[in-house]
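# Remarks on the overall topology
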Amino acid sequence: MDVFNHLADFQMDVLKEVGNIGAGHAATALSTLLDKPIDMLVPKVRMLPFEEICESVGGAETVVLAIFLRVDGDAPGNMFFILNLDSARKMLGDLIGFELQSDDEYSELELSALNEIGNILAGSYLSSLADFTNLNMQPTVPALAIDMAGAILSYGLLQFGQMGDQALLIDTKFLEGENEVQGHFFLIPDPESFGKIFAALGVESS
């Protein structure tokens, strides 16, 4: 039986708290990295079927920038941090302070900066989830791609093997002064991993 049918408000509150604490840790790390105050908000945390991920970022044919990685440990899975191209450019220009040279291309330095932000975010959220569940969950080295959302998820399936059919979505807002950037963070545990995560949160998966 699907564990999501048994999720009580309490367990969803725990997942929201995981998102908020992870965002707080990420904001601290980003503020140190960029040497200026960065705030982060988590306006929405929800579960959604795997096939709805593309729709949540604008559709399968929408070109996005994605940082993706594998999660190793007690509850293996996959993680994606997805920005639309406008948000990626706002993050580079408004938050990081780069003087963008092109509307269509990214320099190696710009891509490296975005990759590092995705890495910080993934590590912060995973650390928070590990603290709540007492599970060992470690991120691998992230990779970055710019392509249609559907193509990126398909590549993830080929690269990482089978993915679970449910995803945890944490919408994320980066704030610096009056500048605001919206991003989407997805944790897609392997099929057997969701049971471990929710058992650790007190949800029976049988």
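Whatever comes next refers back to the structure up there.
The structure reproduced in this document is the subject of the present report. (Residues numbered from 1 in each chain as written. Predicted model: local features only at pLDDT ≥ 70, side-chain atom pairs only at ≥ 80, totals over all residues. Heavy atoms only, no water.)

## Focus: the pairing of strand β6 (residues 166-176)
Each regular strand shows side chains that alternate between the opposite faces of the sheet. By the criterion of burial, β6 is predominantly enclosed, with nine of the eleven residues buried. Sheet topology places strand β1 (residues 39-49) next to β6; nine bridges connect them, and they run antiparallel. Within the sheet, the bridge partner assigned to proline 49 lies in β6 and is glutamine 166. Relative to strand β7 (residues 179-189), β6 runs antiparallel, the two being bridged by nine bridges. Following the sheet pairing, aspartate 171 is matched in β7 by histidine 184. (Buried < 20%, exposed > 50% of the residue type's maximum accessible area, 1.4 Å probe, protein only. Helix = DSSP H or I, 4+ residues; strand = E, 2+ residues; numbered from the N terminus. Pairing = 2+ DSSP bridges.)

## A few points about helix α1 (residues 9-34)
An α-helix turns once every 3.6 residues. As a result, residues three or four positions apart point the same way. Here α1 contains 26 residues, and its C-alpha end-to-end distance of 37 Å stays within 8% of the 38 Å for a straight helix at 1.5 Å per residue. Taken as a whole, α1 has its buried residues at Gln11, Met12, Val14, Leu15, Val18, Gly19, Gly22, Ala23, Ala26, Ala27, Leu30 and Ser31. Buried residues in α1 make contact with β1, α4 (108-133), β6 and α6 (191-200). (Expected span 1.5 Å × (residues − 1). Contact = heavy atoms within 4.5 Å.)

## A look at the packing of α1 against α4
Where α1 contacts α4, the axes come no closer than 8 Å and their chain directions differ by 140 degrees. The orientation of α1 with respect to α4, classified from their angle, is oblique. The element α1 and its partner α4 pack so that their crossing is right-handed. The residues of α4 that touch α1, namely those facing Val14, Glu17, Val18, Gly19, Ile21, Gly22, Ala23, His25, Ala26, Ala29, Leu30 and Leu33, are Glu116, Ile117, Ile120, Leu121, Ser124, Tyr125, Ser128, Leu129 and Phe132. (Axes fitted to C-alpha atoms, helices over the stretch in contact; angles between N-to-C directions. Parallel < 35°, antiparallel > 145°, perpendicular 65-115°, else oblique. Left-handed = near helix turned anticlockwise from the far one by under 90°.)

## A closer look at a nonpolar patch on the surface
A grouping of Val63, Leu85, Ile146 and Met148 is seen on the molecular surface, where their side chains present a nonpolar patch of about 280 Å² in accessible area. Mapped onto the fold, leucine 85 is located in helix α3 (residues 85-96). Residue leucine 85 is classed as partly exposed on the basis of its relative accessible area of 30%. (Patch = residues over 30% accessible without salt bridge, like charges linked within 9 Å, V, L, I, M, F, W, Y side chains within 5 Å. Areas by Shrake-Rupley, 256 points an atom, 1.4 Å probe, with all protein chains shown as cover. Salt bridge = Lys/Arg side-chain N within 4 Å of Asp/Glu carboxyl O.)

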